[in-house]
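# Inside the fold
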Amino acid sequence: MHVGVDSFVSAVTDPATGHLVGPEERFEHLLEEIALADAAGLYSFGIGEHHREEYYDSAPPVILGAAAARTSRIRLGSAVTVLSAADPVRVFQQFATLDLISKGRIDLVVGRGSFTEAFPLFGLELADYDTLFAEKLDLLLKIRDSARVTWSGRHRPTLSGQGVYPRPAQNPLPIWVGVGGTPESFVRAGLLGLPLMVAIIGGEPRRFAPLVELYRRAGESAGHPPEDLRVGLHVFGYVGDSIRSAADTIYPGWHQMFTKVSRERGFATPSRAQFDATSGPDGAFFLGDPDTVATKLRRVSAQLGGVERVSLQMTNPLLAHADLLRGIELLGTQVAPQVADV
C-alpha cells in the first residue's frame with residue numbers, strides 16, 4: 001500500500017497566536033510541506049480544487065508546477081480536478097505539461113466535486129451535473145489515446161481532427177476517477193477500466209465494500225484485467241505522537257470546518273462525541289499515533305478487498321504549520337513503512 005497526503009490548501013489561523021496566515025505565507029508553508037513529504041518517503045501529494053474563500057486551491061496545476069520544481073521523487077496529482085467545470089483539452093494540456101516538468105510523476109484524478117460553486121462561476125447549469133462529467137471524461141480519454149481527436153458532444157464545441165499537445169512523459173497519463181457514494185459512479189469507472197479513488201468523509205469505510213466489489217465486477221464484465229482495477233482512498237486524517245494529542249490537535253479546526261459546511265447544507269452542528277466516534281477503529285477518520293493509523297490502514301484494506309493507495313487529507317483551518325509538518329513526518333517515516341507490504 002502506498003501512502004500520501006492530500007491538501008485543500010486551507011486558509012489557516014495559528015491556534016497559539018491567533019495570527020491569520022495570509023495567502024503568500026500559506027503557499028510558502030504548502031511548498032515546505034510538499035518538500036518534507038518528498039523527503040520523508042511519502043508516495044504522493046495531491047492538491048484539491050475549490051472555488052471558495054476558505055481554500056487557496058482554485059488553480060491546482062500552478063501549485064503542482066511549483067511543487068514539481070521543488071521535489072524529485074514524490075508523485076504529484078489532483079485531488080480532484082473538477083472535470084465537469086473544465087475544458088478537457090486544457091486539462092490534458094496542463095497535466096501533460098506537468099508530467100514533462102516532473103519527469104513522469106503526475107496522476108490526474110478527475111471527479112465532479114463535493115461543492116457546487118464551480119458551476120455558476122463558469123456559467124454551467126447544475127442540472128447538467130451528471131452529463132457534463134460523463135461527456136467530458138469521454139473526451140479526456142479520447143485525447144489521452146490519440147493526439148488528434150474527432151469528437152462531438154452537447155457541452156463543448158466539436159473537434160474534427162485537431163491535435164492536442166504536448167503529450168505527457170507517461171504513456172498513458174494515469175487518469176483516476178474520484179467518486180463518493182453513488183453506485184453509478186463506481187460502475188462507470190469499472191466499465192471504463194479506470195483506477196478508482198474513493199472519497200470517504202463519513203460513515204464506516206467497510207460499508208464501501210459492496211460498492212468497491214460493484215466496481216470490480218463491472219470492470220471484469222467489460223473485459224478489463226484485475227490489475228487495471230486499482231482502488232485508492234482519500235480520507236480525512238492526521239498522525240500525532242499519541243492518540244489523544246492527535247485528536248486534540250485536529251478537533252478545533254475540524255469543528256470549525258464542518259460546522260460551516262453543516263450550516264450551509266442544513267445539517268446538525270457536529271459535536272466532539274461525533275468526532276471521537278468517527279475517529280475510532282471503525283470510523284472514517286484515520287487519526288492517532290503511527291501504530292494506530294497503520295493498523296487501521298491494514299484493516300480497511302482487507303475489508304475492501306485490497307487498497308493500492310491511501311491519501312490523508314490534512315486540511316484544517318486551525319492546524320499550526322509546525323503540527324502539520326510533524327504529522328507529515330510521522331506519516332512518512334513511521335506509518336508508510338508499516339503498510340508497504342500490504
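As a starting point, this report considers the structure included with it. It should be emphasised that the depicted structure is a prediction, and the values quoted were computed from it without experimental measurement. (Residues numbered from 1 in each chain as written. Predicted model: local features only at pLDDT ≥ 70, side-chain atom pairs only at ≥ 80, totals over all residues. Heavy atoms only, no water.)

## Examining the packing of helix H6 (residues 183-192) against helix H7 (residues 209-221)
At their nearest, the axes of H6 and H7 sit 7 Å apart, and the two run at 35° to each other. Crossing of H6 over H7 shows right-handed handedness. In this structure, H6 uses Pro183, Phe186, Val187, Ala189, Gly190 and Leu191 to contact H7, whose residues at the interface are Leu211, Val212, Leu214, Tyr215, Ala218, Gly219 and Ser221. A breakdown of the residues in the contact of H6 with H7 according to their chemical character gives 10 nonpolar, 3 polar and no charged. (Axes fitted to C-alpha atoms, helices over the stretch in contact; angles between N-to-C directions. Helix = DSSP H or I, 4+ residues; strand = E, 2+ residues; numbered from the N terminus. Left-handed = near helix turned anticlockwise from the far one by under 90°. Contact = heavy atoms within 4.5 Å. Nonpolar A, V, L, I, M, F, W, Y, C, P; charged D, E, K, R; others polar.)

## Some thoughts on the packing of aromatic side chains
Overall, the coordinates contain 12 aromatic pairs when judged by the stated rule. Aromatic pair tryptophan 254 and phenylalanine 285: ring centres 6.0 Å apart, planes at 70°, arrangement edge-to-face. Residue tryptophan 254 is located in helix H8 (residues 243-265), and its partner phenylalanine 285 is located in the loop between helix H9 (272-278) and strand E13 (286-288); the two are separated by 31 residues in the primary sequence. Accessibility classification places tryptophan 254 together with phenylalanine 285 in one group, the buried group. Where phenylalanine 258 meets phenylalanine 285, the ring centres are 6.4 Å apart and the plane angle is 45°; that geometry is what we call tilted. In this pair, phenylalanine 258 sits in helix H8 while phenylalanine 285 sits in the loop between H9 and E13, placing the two residues 27 residues apart along the sequence. Overall, phenylalanine 258 belongs to the partly exposed group, its relative accessible area being 25%. (Phe/Tyr/Trp six-rings, centres within 6.5 Å; stacked < 30°, edge-to-face > 60°. Buried < 20%, exposed > 50% of the residue type's maximum accessible area, 1.4 Å probe, protein only.)

## Here's the deal with the side chain of threonine 71
Mapped onto the elements of the fold, threonine 71 is located in the loop between helix H2 (60-70) and strand E5 (75-78). Within the structure, the side chain of threonine 71 is placed 2.8 Å from the backbone oxygen of alanine 67, a separation counted as a polar contact. Polar contacts involving the side chain of threonine 71 include one to the side chain of arginine 105, which spans 2.9 Å. (Polar contact = N/O pair within 3.5 Å; in protein donor to acceptor, adjacent residues only side chain to side chain.)

## Observations regarding the packing of helix H3 (residues 88-101) against helix H5 (residues 129-145)
Direction vectors running N to C along H3 and H5 enclose 45°, while the axes themselves pass 9 Å from each other. It follows from the interaxial angle that H3 and H5 lie oblique. H3 and H5 meet at a crossing whose hand is right-handed. Touching Pro88, Val89, Val91 and Phe92 of H3 are Lys136, Leu139, Leu140, Ile143 and Arg144, all from H5. (Parallel < 35°, antiparallel > 145°, perpendicular 65-115°, else oblique.)

## Side note on the pattern of salt bridges
Enumeration over the complete set of coordinates arrives at 22 salt bridges. One salt bridge connects glutamate 308 with arginine 309, and the closest N-O pair in it is separated by 3.9 Å. The exposure class assigned to glutamate 308 is partly exposed, which follows from its relative accessible area of 24%. Here arginine 309 falls in the buried class, since its relative accessible area comes to 5%. Because the salt bridges share partners, they merge into one network encompassing Arg52, Glu54, Glu117, Lys260 and Glu264. (Salt bridge = Lys/Arg side-chain N within 4 Å of Asp/Glu carboxyl O.)

## Let's talk about the pairing of strand E11 (residues 196-200)
Burial of E11 is extensive: 4 of the 5 residues sit out of reach of the surface. Relative to E11, strand E10 (residues 175-179) runs parallel, the two sharing 3 bridges. Across the sheet, the residue bridging to valine 179 is valine 198, located in E11. Viewed along the sheet, the connection from E10 through H6 into E11 turns out right-handed. (Pairing = 2+ DSSP bridges. Right-handed = clockwise from strand over helix to strand, strands pointing away.)

## Let's talk about the nonpolar core
Of all hydrophobic cores here, the largest spans 91 residues; its most connected members are Phe45, Leu76, Phe186, Val198, Leu233, Leu297 and Leu331. It is helix H11 (residues 321-339) that provides the largest number of residues to this core, a total of 7 residues. Apart from residues lying up to four places away in sequence, leucine 76 is in contact with Ile34, Phe45, Leu64, Ala67, Ala68, Thr71, Arg105, Ile106 and Asp107. (Core = buried A, V, L, I, M, F, W, Y, C linked by side-chain atoms within 4.5 Å.)

## A few points about H8
In this model H8 runs 30 Å from its N-terminal to its C-terminal C-alpha over 23 residues, within 8% of the 33 Å that 1.5 Å per residue would give. The sharpest bend along H8 measures roughly 40° and falls at tyrosine 251, with the proline proline 252 sitting one to four residues further on. Turning to H8, its buried residues are Ala246, Ala247, Ile250, Tyr251, Gly253, Trp254, Met257, Thr259, Val261 and Ser262. Glycine 266 sits one or two residues past H8 and shows a positive phi near 75°. (Expected span 1.5 Å × (residues − 1). Bend = angle between axes of the 7 residues up to and from the residue.)

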